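One-letter residues, chain by chain:
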Amino acid sequence: MHVAILGAGTMGHGIAQVSAMAGHDVFLRDIESDIVDDGLAAIESNLEEGIAREKVSEPTAEATLNRLTGTTSLEEAVTGADLVVEAVPEDMEIKHETLTDVESHVDPATLIASNTSSLSLTEIASVLDHPERAIGLHFFNPVHIMALVEIVVAEQTSPETVARAREFVSGIDKTPVEVADAPGFASSRLGVSLGVEAMRMVQEGVATPQDIDTAMELGYNHPMGPIELGDVVGLDVRLDILEYLRAELGERFRPPQILKRKVRAGKLGKKSGEGFYVWEDGDIVDTSGDWGDA
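Residues numbered from 1 in each chain as written. Predicted model: local features only at pLDDT ≥ 70, side-chain atom pairs only at ≥ 80, totals over all residues. Heavy atoms only, no water.

Draft legend 1. Molecular detail of the overall build of the protein chain. When helices and strands are counted, the protein chain shows 12 helices and 10 strands. Computed over its C-alpha atoms, the radius of gyration of the protein chain comes to 19 Å, within 12% of the 19 Å expected for a compact globule of 294 residues. With respect to the principal axes defined by its C-alpha atoms, the protein chain has extents near 55 × 45 × 35 Å. In the protein chain, the share of contacts with a sequence separation of at least 24, taken over all contacts with a separation of at least 6, comes to 65%. (Helix = DSSP H or I, 4+ residues; strand = E, 2+ residues; numbered from the N terminus. Rg over C-alpha atoms; globule rule 2.2 N^0.38 Å. Contact = heavy atoms within 4.5 Å.)

Below, the structure is given as structure tokens:
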């Protein structure tokens, strides 16, 4: 297949990597060449790490890179594509503009997918002339490691589109789960519920971030605790999702003050070097030092 990924950030380049590893010809597009180059470099780094860990063979890594093309041209990326996946910022206006542009360059049979983690897919698809080919493909970070893909079915999505999406997900060696287009879908709604309660516990001084995370990792076999996961996802992203879910589902999703303060202070988590934890070179080196204050 010809697969176009729009957005070369963390999620976009991850989706591009697993698609290319599965044998698809992949165009990775972003609006700036530096972002595209950074995305391709991140893929190469992931593959090199996979070789070092004996999880990826050198021929597989070489073939994967050969199937990848970086571009800043949306037309070049999507023309002739069998599948387009948008991984642009979580902003409805940006997604509408992107999908409108995409549809002007693709065939009616091209699948158009969104990697949105919480926005209404039905609303995202509403700008399309052929909304029946819209589908949600919600990947999880890091894409090349996480096995799950949430297939989100909009009101307009046809059964044929769902079947083709499931075939694609299975073909890239991921496990699909199918959910209706409800606020937060399944994974984001459950994930942020746990995360927001963990933040409230930190705010109330119930326990330290490390102890809360350790409790969930050892007591419930979670691979990563909810506080650390919030830092990895991005506290600004967490806040946006909570505000959206609060508007859609009510006050149980009200963001805690500690989260609002951190975002206002630019403490966004791993990507900014500090959130609930302090990060250096991608690793936790300390807590931010202000847990437990009301």
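From this point on, the discussion continues.
Draft legend 2. Molecular detail of the domain arrangement of the protein chain. Taken domain by domain, the protein chain comprises domain 1 (2–180) and domain 2 (187–287). On a C-alpha basis, the centroid separation for the pair domain 1 and domain 2 is 26 Å. Taking both partners together, domain 1 and domain 2 bury about 520 Å²; carbon and sulfur atoms supply 50% of that area. One can count 0 salt bridges joining domain 1 with domain 2. Residues of the side of domain 1 that touches domain 2, tallied by class, amount to 2 nonpolar, 5 polar and 1 charged. (Domains from an automatic or database assignment. Buried area = accessible area lost by both parts, 1.4 Å probe. Salt bridge = Lys/Arg side-chain N within 4 Å of Asp/Glu carboxyl O. Nonpolar A, V, L, I, M, F, W, Y, C, P; charged D, E, K, R; others polar.)

Draft legend 3. The pattern of salt bridges, seen in detail. Taken as a whole and assessed by the stated rule, the structure comprises 11 salt bridges. One salt bridge connects Arg200 with Glu197, and the closest N-O pair in it is separated by 3.2 Å. Of this pair, Arg200 and Glu197 both sit in helix α8 (residues 187–203), 3 residues apart, which is roughly one turn of the helix. Asp236 serves as the salt-bridge partner of Lys271, at 2.9 Å between the closest nitrogen and oxygen.

Draft legend 4. Region of the structure containing the packing of helix α9 (residues 209–219) against helix α10 (residues 226–233). Look at α9 against α10: their axes get within 7 Å of each other, and the N-to-C directions meet at 105 degrees. One way to sum up the angle between α9 and α10 is to call them roughly perpendicular. Contacts between α9 and α10 involve Pro209, Ile212, Asp213, Met216 and Glu217 from the first element and Pro226, Ile227 and Glu228 from the second. The residue inventory of the contact of α9 with α10, partitioned by class, reads 5 nonpolar, no polar and 3 charged. (Axes fitted to C-alpha atoms, helices over the stretch in contact; angles between N-to-C directions. Parallel < 35°, antiparallel > 145°, perpendicular 65-115°, else oblique.)

Draft legend 5. Quick peek at the UniProt feature "binding site: NAD(+)" (unreviewed entry) in the protein chain. According to UniProt, the "binding site: NAD(+)" (unreviewed entry) feature falls on Gly7, Ala8, Gly9, Thr10, Met11, Gly12, Asp30, Glu90, Lys95, Ser117, Asn141 and Lys271. Annotated residues spanning 265 residues; largest pairwise C-alpha distance 22.9 Å, indicating distribution over more than one region. Within the element layout of this structure, Ala8 appears in the loop between β1 (2–6) and α1 (10–21). Looking at Ala8, the relative accessible area reads 4%, which means it is buried. (UniProt positions renumbered as here; feature names shortened; annotations may be inferred. Buried < 20%, exposed > 50% of the residue type's maximum accessible area, 1.4 Å probe, protein only.)

Draft legend 6. A look at helix α7 (residues 159–171). Taking 1.5 Å of rise per residue, the 13 residues of α7 would be expected to cover 18 Å, and the 18 Å separating its terminal C-alpha atoms lies within 8% of that figure. Within α7, burial applies to Thr161, Val162, Ala165, Phe168 and Val169. Each buried residue of α7 lies within a common arc of 125 degrees when the element is viewed along its axis, so the set occupies one face. Every exposed residue of α7 that faces more than 90 degrees away from the buried side is listed here: Pro159, Glu160 and Glu167. (Expected span 1.5 Å × (residues − 1). Arc of directions from axis to C-beta.)

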